[in-house]
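Coordinate inspection notes
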Amino acid sequence: MVKPEFRRLPLVVEGTRGNYIISNGKSYLDISGSAMTVGYDFLNQIPSPVSLLVYDNIYTRELTERLKEISGFENVAYSTSGTEACDAALWRHKGNIISLEGGYHGLSNLTFKVSNGSGIDKTNSIVHLKVDGRRDEVEDVISYNENLLEDAHHLLNLRNSTLILEIIQSDGGLYELSEDFLKYIEEKIEEYDLRLIIDEVYTGFGRSGEMLLFKRKNIKPDMVCLGKGMAAGFPMGAVLYNGDWDLPYHGAISMQGGNMATSFASLKVMDFLTEENLRMVRENGERIIKEIKEIQSPYVYEVRGRGYMIGIEIGTEKTYDQERADEIRKKLYENGIIITLVGKHNNVVKITPPITLTEIEIERLIMGLKKALI
């Protein structure tokens, strides 16, 4: 079951400074991803949140054109979150849905069902495929999936179904889909004439080290969902798509989707995400992973990830040590570093720092991890 714990810490946030949150006079480096993107210096410039439902505005116009340019899609629909974006994309063509176990797409009624379950959910017309590389999966994932799809096709008729996936499963445990598995998915898309949704709510806008990871992977989806970091933490999401979609309100999926204020914020984020800064995220991510591995902690089963999406799995080859992971989180908190735990067993330390992370903050993070993991 993939449901982010979002456990509250014993503090009340009084404000922020750069990449830190402030509470009771103490500064905490936020590596949890909860702030998504902090440290930007344009927040005092945010204009009024004029709704896209009634008014066109210069910022949403420019954002739409830039998103179309970088993605290659014809159209953009706006929401106020990644969950809303995924929900709308899944409903666009209705019909059957195929998802991946370990994927997380939100907590709305539909996205929650899609994010959780196994095998064939006949009641909700959802098929949950298994993913290679996860150590609690069946031995032969492809063989399992082939049998599952054959059974599901007889029950539901999978022709023209919608398939949704994350290239890096975020709250599922920071697993990146392998090239072989993506090739297998490509074959299934052709075989069943599937419509592909790529959920880039986490991976998009720099956190993976790419503006859009599907472009780096040379995947050709029918829709792409965005959210989280695209507007520096302001309520913003989007669906990139081709073709016609009978959206009634000028491309706004929800009341304040793509309003003037959030579009302005998103443009400022895009200005910051130059190729140089994206390259820095990629290089810093490799460095952080390397330095974590060099700690040689007896509690760490695996360190994995890309860019600023890094997972430290706590346990052994035979165990998933959630209790130890929780102790590590507490130690980091005591040293002024905030992280969260993810994965099916809540034993994966999620390292998802803001894109604006500085050299000093990287050193502080590594030092904190050394103290917590030994």
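Going by the structure above, here's the rest.
Scope of this entry: the structure provided in the associated data block. (Residues numbered from 1 in each chain as written. Predicted model: local features only at pLDDT ≥ 70, side-chain atom pairs only at ≥ 80, totals over all residues. Heavy atoms only, no water.)

Taken in spatial order, the four strands line up as S1-S2-S3-S16 in an open sheet, and their pairing is mixed. Unpaired on one side and paired on the other, strand S1 (15-17) and strand S16 (337-338) mark the two borders of the sheet. As judged from the three bridges shared by S1 and strand S2 (residues 20-23), these two strands associate in the antiparallel manner. Opposite arginine 17, over in S2, you have tyrosine 20 as the bridge partner. (Pairing = 2+ DSSP bridges. Helix = DSSP H or I, 4+ residues; strand = E, 2+ residues; numbered from the N terminus.)

A separate point is the nonpolar core. Leu67, Leu165, Ile185, Phe205, Leu226, Ile351 and Leu369 are the most contacted members of the largest nonpolar core, which has 91 residues in total. In this structure isoleucine 351 touches Ile31, Tyr308, Met309, Ile310, Ile312, Ile339, Leu365 and Leu369, once residues within four positions along its chain are discounted. Core analysis: the next-biggest nonpolar cluster, separate from the first, contains 18 residues, Ala89, Ile97, Ile126 and Val239 among them. (Core = buried A, V, L, I, M, F, W, Y, C linked by side-chain atoms within 4.5 Å. Buried < 20%, exposed > 50% of the residue type's maximum accessible area, 1.4 Å probe, protein only. Contact = heavy atoms within 4.5 Å.)

For the rest of this paragraph, the subject is the pairing of strand S5 (residues 97-100). The alternating pattern of S5 places Ile97 and Ser99 on one face and Ile98 and Leu100 on the opposite face, and all of these are buried. Across two bridges, S5 lies against strand S8 (residues 162-165) in parallel orientation. Paired with isoleucine 98 across the bridge in S8 is leucine 163.

This part is about the packing of helix H1 (residues 58-71) against helix H7 (residues 260-272). Viewed as axis vectors pointing N to C, H1 and H7 meet at an angle of 45°, and their least axial separation amounts to 8 Å. The orientation of H1 with respect to H7, classified from their angle, is oblique. Two packed elements cross with a definite hand, and for H1 against H7 that hand is left-handed. Each of Tyr59, Thr60, Glu62, Leu63, Arg66 and Ile70 in H1 lies in contact with H7, whose residues at this interface are Met260, Ser263, Phe264, Ser266, Leu267, Met270 and Asp271. When its residues are assigned to classes, the contact of H1 with H7 shows seven nonpolar, three polar and three charged. (Axes fitted to C-alpha atoms, helices over the stretch in contact; angles between N-to-C directions. Parallel < 35°, antiparallel > 145°, perpendicular 65-115°, else oblique. Left-handed = near helix turned anticlockwise from the far one by under 90°. Nonpolar A, V, L, I, M, F, W, Y, C, P; charged D, E, K, R; others polar.)

The tally for this structure, following the rule as stated, stands at five aromatic pairs. The interplanar angle of 10° and the centroid separation of 5.2 Å between the aromatic rings of tyrosine 28 and tyrosine 333 together place this pair among those described as stacked. Of the two residues, tyrosine 28 sits in strand S3 (residues 26-30) while tyrosine 333 sits in helix H9 (residues 322-334), which places them 305 residues apart along the sequence. On the accessibility criterion, tyrosine 28 (8% relative accessible area) is buried. (Phe/Tyr/Trp six-rings, centres within 6.5 Å; stacked < 30°, edge-to-face > 60°.)

Taking every second residue as pointing to the same face, both faces of S2 are buried, with Tyr20 and Ile22 on one and Ile21 and Ser23 on the other. Taken together, S1 and the strand that follows it, S2, pair antiparallel across an intervening segment of two residues, in which glycine 18 is found at a positive phi of about 60°. Both S2 and S3 contribute to a ladder of four bridges, which runs antiparallel. Looking at the pairing, isoleucine 21 lines up with tyrosine 28 of S3. Linking S2 back to S3 in an antiparallel pair, the connection comprises two residues, with asparagine 24 at a positive phi of about 50°.

Along its 13 residues, H9 runs 18 Å from first to last C-alpha, staying within 8% of the 18 Å computed at 1.5 Å per residue. In this structure, the buried side of H9 is in contact with S3, strand S15 (309-314), S16, strand S17 (340-342), strand S18 (348-351) and helix H10 (359-373). Looking at the residues trailing H9, positive phi occurs at glycine 336, about 80°. (Expected span 1.5 Å × (residues − 1).)

Here we come to the side chain of asparagine 284. In this fold, asparagine 284 is placed in helix H8 (residues 275-295). Under the relative-accessibility criterion, asparagine 284 is labelled buried at 11%. Discounting residues that sit within four places of it in the chain, asparagine 284 has contacts with Tyr308 and Ile362.

Spatial relationships are all this shows, so hold off on functional conclusions.
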